[in-house]
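Architecture at a glance
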Amino acid sequence: MSLLTELGNIFLASVPQPGRPCGAVACAAPIFSRPTVSLTGRHCASHTAALLILLRSNHPPFSLPPNGRVAHHSRIGKPPAPHEIRARTRTHYAHARLRSRFFSFAVILAAHHFADGDLWGKLAIGAHVWKYGTVPAHDLFAFTPVLPHYTEHEWGAGAIFFGVLKAFGPAGLMTLKMVLAFGAVLGAIGAGRRLGCDWETLLLLAIPAAACILAGYIPVLRSHAFTYCFFAVTLLGLEDIRAGKPWPVLALPPLMAIWSNVHGGFVAGLGALVVYTACSLFARHQVGRMLAAAIACGAATLVNIYGFRFWTYLVPALLNPRPRIAEWQPLPLFANDAFIGFRVLFALVAVLLAVAWRRTEKKSWPGLILPGITSVLAWRSRRHAPFFGVATLAFAGPFLRTALVDVAARMPQRWRAAANPVLAVALVHGAVAIIAATFILPDALFQVLAPVGHDPVREADILSRARAGGDLATPFQWGCYCSWRLYPRIRISMDGRYETTFPESTFDLNDRFYDKRGPHWDQLIRDYPVDYIILDFTQARLRPVDLWTVATF
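Below or above, wherever it landed, is the structure these notes cover. Keep in mind that what you see is a predicted model, and the values were worked out from it rather than measured. (Residues numbered from 1 in each chain as written. Predicted model: local features only at pLDDT ≥ 70, side-chain atom pairs only at ≥ 80, totals over all residues. Heavy atoms only, no water.)

Counting residues in hydrophobic clusters, the biggest one holds 138 residues, and the most contacted among them are F161, Y217 and L235. Once you skip the residues sitting within four places of it in the chain, F161 turns out to touch L119, K122, L123, L173, L176, L221, R222, S223 and F226. Counting 14 residues, the second-largest nonpolar core is a separate cluster that includes W521, V530, A540 and L547. (Core = buried A, V, L, I, M, F, W, Y, C linked by side-chain atoms within 4.5 Å. Buried < 20%, exposed > 50% of the residue type's maximum accessible area, 1.4 Å probe, protein only. Contact = heavy atoms within 4.5 Å.)

Written as structure tokens, this is what we have:
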């Protein structure tokens with residue numbers, strides 16, 4: 001039975017809001033035979049939502065059979081024992097809290113439905129793979145100087161994105177985003193359960209951890225969405241290897257082969273394997289299986305279209321500082337941004353370690369090392385923050401449990417006797433669900449949008465409908481959208497593929513033009529036959545009056 005059916009009947013009532021600019025994710029272009037679309041970015045009706053929840057229990061404690069007599073759901077002829085009733089009640093409420101958590105998380109994810117610039121670039125690559133059956137051996141989209149060797153390390157993600165879009169439309173992309181986000185949370189919870197942590201503690205910890213993981217799933221949809229999910233599944237598999245289960249030795253290498261073809265973040269999985277293998281060697285526990293999994297996963301990264309040459313590209317790319325991309329820059333200590341969940345979770349973990357370190361018995365050395373590594377990586381580069389959320393949800397549960405027990409021990413006796421941890425956690429999750437339904441659900445939408453101003457939707461409409469051809473100067477953040485909408489008639493000067501495609505000199509050439517920096521700021525349009533220019537008045541300094549003074553344009 002589906003999540004929404006479990007929680008109740010939810011009806012979404014479409015309410016038009018004229019004048020709200022938006023665009024659609026799937027836009028027509030002749031060469032790739034993409035799905036056609038009715039919205040291409042003009043002012044159109046958006047949607048809000050009204051919520052009607054009919055709460056009902058899908059697992060009643062008893063049922064009334066046709067003979068009219070009450071029959072307990074237990075062994076025939078014997079009523080359930082008290083401990084069985086308590087166990088079933090705890091499991092039932094744990095599942096109910098998990099479903100309410102899913103509802104809240106799904107609503108928040110659906111409220112973030114603006115497409116990210118990287119999605120357009122991956123859709124363009126994916127369209128090429130679907131049409132021609134190969135990954136481009138050289139860059140197809142730019143007219144400016146590009147690198148001599150083109151390595152499209154995320155081609156698998158693009159092929160998946162385009163395939164989902166072609167089969168299920170924009171709603172399919174939103175569904176894929178939610179599935180991967182839920183996979184990251186569930187995988188981390190599964191790893192926490194392998195450590196023996198109880199449901200109540202994990203579900204309470206899941207609230208700040210999911211807020212930290214959310215930063216990786218706010219855009220719709222990027223390749224790193226696979227990485228956070230696969231990282232959580234890898235931790236779950238490694239914990240099962242430590243528990244003596246053999247399945248991860250066979251399952252993790254195929255996962256690593258897929259991972260290495262959809263996103264370069266598979267190195268996080270290799271890092272987790274190194275940590276677990278080192279700890280196994282030190283403890284002399286499950287050494288054979290852990291070594292077998294590590295070696296097989298390392299070999300699986302070579303199962304790609306570039307072979308070993310892939311690593312010769314990847315290592316320099318991992319060390320590239322990327323000063324022009326904000327998400328690769330250090331995370332400020334205090335700021336009101338999308339990474340506030342990471343800061344709150346980091347502070348919580350620091351407090352838990354300080355107050356519960358000595359009294360926590362179930363310590364895991366990988367569970368101490370990985371949150372430490374991921375927190376350092378997150379402070380150095382903000383895009384790594386979701387890794388910390390996954391690692392914390394997987395390993396910090398025992399410390400939170402110890403801290404909660406200490407708090408309960410300091411409560412008055414009458415409060416402690418009346419306290420019900422199961423009910424308390426259920427109330428917390430219920431409050432989160434009510435807040436999500438009241439304040440966030442009205443903004444939720446299952447349509448991926450490209451708003452006017454966020455992307456050059458109107459400008460691409462003009463060029464597309466005019467069937468214009470030539471070379472187009474584009475700002476860094478808009479190049480991928482123009483490639484998706486306008487290739488092959490129009491090529492662009494720059495896009496967000498960064499070191500995959502362009503040398504630093506091309507970045508400097510494009511940036512000097514749009515920032516109007518230096519005496520030769522107009523070199524781009526003097527040295528190359530630029531036919532069209534898109535200006536971004538919100539970020540670039542260049543204005544139309546500046547172009548009137550350039551005689552060659």
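Turning to the sheet that holds strand β6 (residues 490-492), a few remarks are in order. Strands sit in the order β6-β5-β7 across an open sheet of 3 strands; the sheet is parallel. In this open sheet, the two strands that pair with only one neighbour each are β6 and β7 (532-533). (Pairing = 2+ DSSP bridges. Helix = DSSP H or I, 4+ residues; strand = E, 2+ residues; numbered from the N terminus.)

With that settled, consider helix α6 (residues 199-213). For α6, the principal kink sits at I207 and spans about 40°; a proline, P208, occurs within the next four residues. Of all 15 residues that make up α6, 12 are buried, and the element is covered over most of its length. Listed as buried for α6 are E200, T201, L202, L203, L205, A206, I207, P208, A209, A210, C212 and I213. Of the residues that open α6, the one with a side-chain oxygen 3.2 Å from the backbone nitrogen of E200 is D198. (Bend = angle between axes of the 7 residues up to and from the residue. Polar contact = N/O pair within 3.5 Å; in protein donor to acceptor, adjacent residues only side chain to side chain.)

Our focus in this paragraph is empty space enclosed by the protein. Taken as a whole and judged by the stated rule, the model has 1 cavity of 30 Å³ or more. Roughly 40 Å³ of volume is contained in the largest cavity. L195, K362, K363, S364, G367, L368, F395, P398 and F399 are the residues that line the largest cavity. Elements with a contribution of two residues or more to the lining of the largest cavity: α13 (365-380) and α15 (397-409). Partitioned by chemical class, the residues of the lining of the largest cavity number 5 nonpolar, 2 polar and 2 charged. (1 Å grid on protein atoms, 1.4 Å probe; cavity = no way out; pocket = protein on both sides within 12 Å on 5 of 7 lines; lining within 4 Å. Points joined across faces, edges and corners; volume = space filled by probe spheres on them. Nonpolar A, V, L, I, M, F, W, Y, C, P; charged D, E, K, R; others polar.)

All told, the structure shown has 20 salt bridges when counted by the stated rule. Across the pair R242 and E239 runs a salt bridge, and its minimum N-O distance is 3.4 Å. With R242 and E239 both in helix α7 (residues 224-242) and 3 residues apart, the pair spans about one turn of that helix. What emerges from the salt-bridge pattern is a single network uniting D116, D118, R222, E327 and R383. (Salt bridge = Lys/Arg side-chain N within 4 Å of Asp/Glu carboxyl O.)

When strand β5 (residues 470-473) meets β6, the two strands line up parallel, connected through 3 bridges. Directly across from G470, in β6, lies its bridge partner I490. Note on the crossover from β5 through helix α19 (residues 479-486) to β6: the handedness is right-handed. With 2 bridges connecting them, β5 and β7 associate as parallel partners. The residue of β7 that forms the bridge with L472 is Y532. (Right-handed = clockwise from strand over helix to strand, strands pointing away.)

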